[in-house]
Amino acid sequence: MKNGRVYLDGRFVETDLTIDKGRISVFGSPSHIDRTVDCSGKIIIPGFTDVHVHLREPGFSYKETIRTGTMAGARGGYTCLCSMPNLKPVPATLAGLKAQTDIIARDAAVRVVPYGTITMEQNGRSRLSDMEALAPYVCAFTDDGKGVQTGDLMESAMNRARSLGKLIVAHCEDESLLHGGAIHEGKYARAHGLPGICSESEWKQVERDVALAEKTGCGYHVCHVSTKESVDIIRRAKARGVDVTCETAPHYLTLCDMDIKQEGRFKMNPPLRDASDRDALIAGIADGTVDIIATDHAPHSAEEKSRGLDSPFGIVGLETSFPVLYTELVLKKKCLTLEKLIDCMSIKPRRRFSLGPAIEDGAPANLAIINLEEEFIIDPATFASMGKATPFAGWQVLGRVIMTIADGRIVWERSE
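Residues numbered from 1 in each chain as written. Predicted model: local features only at pLDDT ≥ 70, side-chain atom pairs only at ≥ 80, totals over all residues. Heavy atoms only, no water.

Here we come to the overall build of the protein chain. When helices and strands are counted, the protein chain shows 12 helices and 17 strands. In terms of overall size, the protein chain behaves like a compact globule, its C-alpha atoms giving a radius of gyration of 20 Å where 416 residues would be expected to give roughly 22 Å. Taken along its principal axes, the extent of the C-alpha atoms in the protein chain is 65 × 50 × 45 Å. Out of the 416 residues belonging to the protein chain, those deemed buried represent 61%. Residue pairs in contact within the protein chain that sit at least 24 positions apart in sequence constitute 75% of those at least 6 positions apart. Put simply, the protein chain shows about 15900 Å² of open surface, and 49% of that area lies on carbon and sulfur atoms. Seen as two clouds, the 50 positive and the 56 negative side-chain charges of the protein chain have centres 1 Å apart. (Helix = DSSP H or I, 4+ residues; strand = E, 2+ residues; numbered from the N terminus. Rg over C-alpha atoms; globule rule 2.2 N^0.38 Å. Buried < 20%, exposed > 50% of the residue type's maximum accessible area, 1.4 Å probe, protein only. Contact = heavy atoms within 4.5 Å. Areas by Shrake-Rupley, 256 points an atom, 1.4 Å probe, with all protein chains shown as cover. Lys, Arg positive; Asp, Glu negative; His and termini not counted. Charge placed at Lys NZ, Arg CZ, Asp CG, Glu CD.)

Overall, the coordinates contain 2 cavities of 30 Å³ or more when judged by the stated rule. For the largest cavity, the calculated volume is near 70 Å³. As for the largest cavity, its lining consists of His171, Cys172, Glu173, Ile197, Ser201, Glu202, His224, Asn269, Pro270, Pro271 and Arg273. Classifying every residue of the lining of the largest cavity by side-chain character gives 4 nonpolar, 4 polar and 3 charged. Around the second largest cavity, the lining residues are Pro250, His251, Thr295, Ile315, Val316, Gly317, Thr320, Ser321 and Phe392. (1 Å grid on protein atoms, 1.4 Å probe; cavity = no way out; pocket = protein on both sides within 12 Å on 5 of 7 lines; lining within 4 Å. Points joined across faces, edges and corners; volume = space filled by probe spheres on them. Nonpolar A, V, L, I, M, F, W, Y, C, P; charged D, E, K, R; others polar.)

Attention now moves to the pattern of salt bridges. Throughout the structure, instances matching the rule amount to 25 salt bridges. When the shortest N-O distance is used, the salt bridge between Asp16 and Lys2 registers 3.0 Å. In this pair, Asp16 sits in the loop between β2 (11-14) and β3 (17-20) while Lys2 sits in the segment before β1 (5-8), placing the two residues 14 residues apart along the sequence. Owing to a relative accessible area of 29%, Asp16 belongs among the partly exposed residues under this scheme. As a salt-bridge pair, Arg400 and Glu374 come within 3.4 Å of each other at their nearest N and O atoms. One end of the pair, Arg400, is in strand β16 (residues 396-406); the other, Glu374, is in strand β15 (residues 367-377), and 26 residues separate them in sequence. (Salt bridge = Lys/Arg side-chain N within 4 Å of Asp/Glu carboxyl O.)

Any two aromatic rings considered together are summarised by their centre-to-centre distance and by the angle between their planes. Following the criterion strictly, the structure yields 6 aromatic pairs and no others. Relative to Phe12, the ring of Tyr7 lies with its centre 5.3 Å away and its plane at 65°, an arrangement referred to as edge-to-face. Owing to a relative accessible area of 15%, Phe12 belongs among the buried residues under this scheme. Judged by centre distance (5.5 Å) and plane angle (25°), the rings of Phe48 and Phe322 are stacked. (Phe/Tyr/Trp six-rings, centres within 6.5 Å; stacked < 30°, edge-to-face > 60°.)

The contact between helix α6 (residues 200-216) and helix α7 (residues 228-239) brings their axes to 9 Å, and the two run at 15°. Here α6 is positioned roughly parallel relative to α7, judged by the angle of their axes. Relative to α7, α6 is oriented so that their crossing is right-handed. Contacts from Glu202, Trp203, Val206, Glu207 and Val210 of α6 reach α7 at Glu229, Ser230, Ile233, Ile234 and Ala237. (Axes fitted to C-alpha atoms, helices over the stretch in contact; angles between N-to-C directions. Parallel < 35°, antiparallel > 145°, perpendicular 65-115°, else oblique. Left-handed = near helix turned anticlockwise from the far one by under 90°.)

Note on placement: Asp20 falls in strand β3. Expressed as a C-alpha distance, the spacing of Asp20 and Ile347, which sit 327 residues apart in the sequence, is 23 Å.

Once that is clear, we can look at the sheet that holds strand β7 (residues 78-83). If you walk across this open sheet you meet the 3 strands as β6-β7-β8, and the pairing is parallel. Of all the strands in the sheet, the pair left with one neighbour each is β6 (48-53) and β8 (111-114). The sheet shows a mean angle of 20° between the axes of neighbouring strands, taken without regard to direction. Two elements, β7 and β8, share 4 bridges in a ladder whose sense is parallel. Among the inter-strand pairings, Ser83 is bridged to a residue of β8, identified as Pro114. (Pairing = 2+ DSSP bridges.)

Any functional reading would require information beyond the geometric quantities listed.
Structure (structure tokens):
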């Protein structure tokens with residue numbers, strides 16, 4: 001790979017890379033070359049890592065399959081995906097997990113590391129899953145889609161996870177504060193007479209869980225943070241030395257509730273919040289409070305998402321995340337640097353979830369080549385994902401992934 005700018009140790013360096021037997025050689029001079037890729041005018045980065053992806057298989061393959069979901073990831077520059085456990089069977093036992101890992105071994109285009117559930121029924125209420133048996137095979141434990149509803153149960157889960165050296169990853173949602181809402185309890189909901197989802201339903205559980213993480217010493221990670229209160233709670237906890245990290249998603253960084261159209265592609269959980277929440281999330285990334293940008297890629301069938309605000313929660317994001325964020329936050333708003341964006345999408349998720357090195361001598365070759373100058377219009381009809389619901393349809397963006405290499409294999413290459 002010649003003439004590109006390579007992301008090494010937090011900065012771009014003009015150097016060549018060699019991939020030999022699936023591993024990276026920096027500054028190497030191979031004696032035999034099978035193929036040379038001219039990367040002039042392009043960047044070479046560690047493949048993105050998404051710690052929040054719904055691949056839907058087993059159990060819901062009419063929405064997405066491991067094959068289509070991982071190909072969507074490859075098209076978006078991702079080389080590692082952490083798959084959420086709202087599946088059938090749920091990965092609460094080794095038998096339930098094996099139903100998923102068998103398909104991963106057969107069909108995945110990029111690396112997939114599954115989650116185990118926190119509770120046996122993945123409902124935030126029942127007894128704990130078989131965490132001891134699952135621990136060697138999962139990236140962490142979560143009941144994503146459901147918040148753990150009692151402090152006692154979360155404390156038990158944290159103590160168990162800490163003893164196993166695993167993170168608790170929390171979807172924070174207090175169900176006692178939900179009143180059938182589909183969008184944020186804010187300006188748009190009030191203007192249109194719609195029931196809303198209050199910010200407190202998220203931040204109250206963040207507040208509870210941060211205190212429990214401080215008490216138990218468990219590593220704790222908050223899913224899809226969407227409110228300014230959550231950002232502030234996490235910022236203060238980090239200042240006290242609590243082992244807490246969090247993620248947000250591209251739609252929370254670029255949209256707010258006043259951008260909503262009453263279409264299924266604008267319905268996600270948590271919902272799009274107030275503009276002040278969006279701005280707090282951007283500030284949180286800038287100061288290191290928000291560690292990771294994940295997609296919460298959550299595909300549904302076209303029929304399901306055709307029901308407007310009565311459709312199920314969830315949008316897709318693997319194929320749009322980098323160009324949307326690069327265009328909106330790096331180029332237009334200039335509130336993030338390109339280096340910071342790559343750090344949040346690639347380096348920090350690898351580090352927090354112990355998912356391997358970035359670009360270094362001898363490391364497995366997990367790379368993406370991106371043409372920052374290439375402009376295109378987001379068209380869901382071209383997606384590899386079976387899910388097509390995105391609020392970014394029709395957006396004109398810059399930053400096209402032209403090649404993705406996973407474990408030394410070219411898994412996606414854009415034809416000219």
